[in-house]
Every structure is written in C-alpha cells, then in structure tokens.
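If you want the building blocks of each chain, they are given just below.
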Amino acid sequence: YAVCLYAVVRDERLRSSFKTICWLNLSQHPEIMQLQARLYEQLSAGDEIPAKATKSVERIVEELRRVAKEKIVLVVLDGA
C-alpha cells in the first residue's frame, strides 16, 4: 500500500499538477490539532503555526486556509 502511494506521489505528471504536496502519517488515534500543525508546517515551508492559532481547531483551520490560499495542494494521509 505505502509503496503504491510513494509511486503515485513521485510521478512527475502528478507532481507538476500541484504547487505543494503534503504528507501526513496517521496513527490509530490521531491528534487532530497536532496533524493540523504538521500540515501548516508543510504548507508554510517549515514555519511553526502561530501560538494564537493553537487555542482551537477552528483557529488552526483559519491559519491553514490562509497559508493554502491560491495554492493547488495534494494532501496524502498515510495510515500505514
């Protein structure tokens, strides 16, 4: 399964269709706010999510919308 995901994401035709490709590894019981913070880091080229945004899921979503605005993004959720 994971090999298939890697192959798809490495395909140059697919890669050229997206400005950013984010990869999140999921556990059996994922922490949503932690996943959102990791997604923010990937979308913002390594910046940490602002402390004010970590107060609630809704504030993190606002920040994610802001950093993803006008980007074509592929988010891979890997549960392997």
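Our subject is the structure listed above.
What counts and how
Residues numbered from 1 in each chain as written. Predicted model: local features only at pLDDT ≥ 70, side-chain atom pairs only at ≥ 80, totals over all residues. Heavy atoms only, no water. Core = buried A, V, L, I, M, F, W, Y, C linked by side-chain atoms within 4.5 Å. Buried < 20%, exposed > 50% of the residue type's maximum accessible area, 1.4 Å probe, protein only. Helix = DSSP H or I, 4+ residues; strand = E, 2+ residues; numbered from the N terminus. Contact = heavy atoms within 4.5 Å. Expected span 1.5 Å × (residues − 1). Salt bridge = Lys/Arg side-chain N within 4 Å of Asp/Glu carboxyl O. Arc of directions from axis to C-beta. Polar contact = N/O pair within 3.5 Å; in protein donor to acceptor, adjacent residues only side chain to side chain.

**Points about the nonpolar core**
Among soluble globular proteins, nonpolar side chains are generally buried collectively.
Line of reasoning, step 1. Among the nonpolar cores identified, the biggest contains 12 residues, and these are Cys22, Leu24, Leu35, Ala37, Leu39, Tyr40, Leu43, Ile49, Ala53, Ile60, Leu64 and Val67.
Line of reasoning, step 2. Counting residues per element, the ones that place at least two in this core are β1 (20-25), α3 (32-43) and α4 (57-68).
Line of reasoning, step 3. A per-element tally of this core places α3 first, with five residues.

**Structural notes on the side chain of glutamine 36**
Line of reasoning, step 1. Its location among the elements puts glutamine 36 in helix α3.
Line of reasoning, step 2. Excluding residues within four positions of it along the chain, glutamine 36 makes contact with Val57, Ile60, Val61 and Leu64.

**So, α3**
Line of reasoning, step 1. The terminal C-alpha atoms of α3 lie 16 Å apart, and with 12 residues this matches the ideal 16 Å at 1.5 Å per residue to within 8%.
Line of reasoning, step 2. Where α3 is concerned, the buried positions are Leu35, Gln36, Ala37, Leu39, Tyr40 and Leu43.
Line of reasoning, step 3. On its buried face, α3 sits against β1, α4 and β2 (73-78).
Line of reasoning, step 4. After α3 finishes, the residue alanine 45 shows a positive phi value of roughly 60°.

**Quick notes on the pattern of salt bridges**
Line of reasoning, step 1. Summed over the entire model, instances satisfying the criterion amount to two salt bridges.
Line of reasoning, step 2. One salt bridge in this structure joins arginine 66 and glutamate 63, with 2.9 Å as the shortest N-O distance. Here the residue arginine 66 and the residue glutamate 63 both occupy positions in helix α4, the gap between them amounting to three residues, near one helical turn.

**A few points about α4**
Line of reasoning, step 1. End to end, α4 covers 16 Å across 12 residues, agreeing with the expected 16 Å (1.5 Å per residue, within 8%).
Line of reasoning, step 2. All buried positions along α4 are accounted for by Ile60, Glu63, Leu64 and Val67. For α4, the buried positions fall inside an angular range of 105° around the axis, keeping them on one side. When the buried face of α4 is taken as reference, the exposed residues oriented beyond 90 degrees from it are Glu58, Glu62 and Arg65.
Line of reasoning, step 3. Buried residues belonging to α4 abut α3.
Line of reasoning, step 4. Two residues or fewer past α4, glutamate 70 is found with a positive phi of approximately 65°.

**Description of the side chain of serine 44**
Line of reasoning, step 1. Looking at the secondary structure, you find serine 44 in the loop between α3 and α4.
Line of reasoning, step 2. Classification of serine 44 by relative accessible area gives buried; the value is 13%.
Line of reasoning, step 3. At 2.8 Å, the side chain of serine 44 and the backbone oxygen of tyrosine 40 are in polar contact.
Line of reasoning, step 4. A polar side-chain atom of serine 44 sits 3.2 Å from the main-chain carbonyl oxygen of aspartate 47.

Function-wise, these values are silent; they only describe arrangement.
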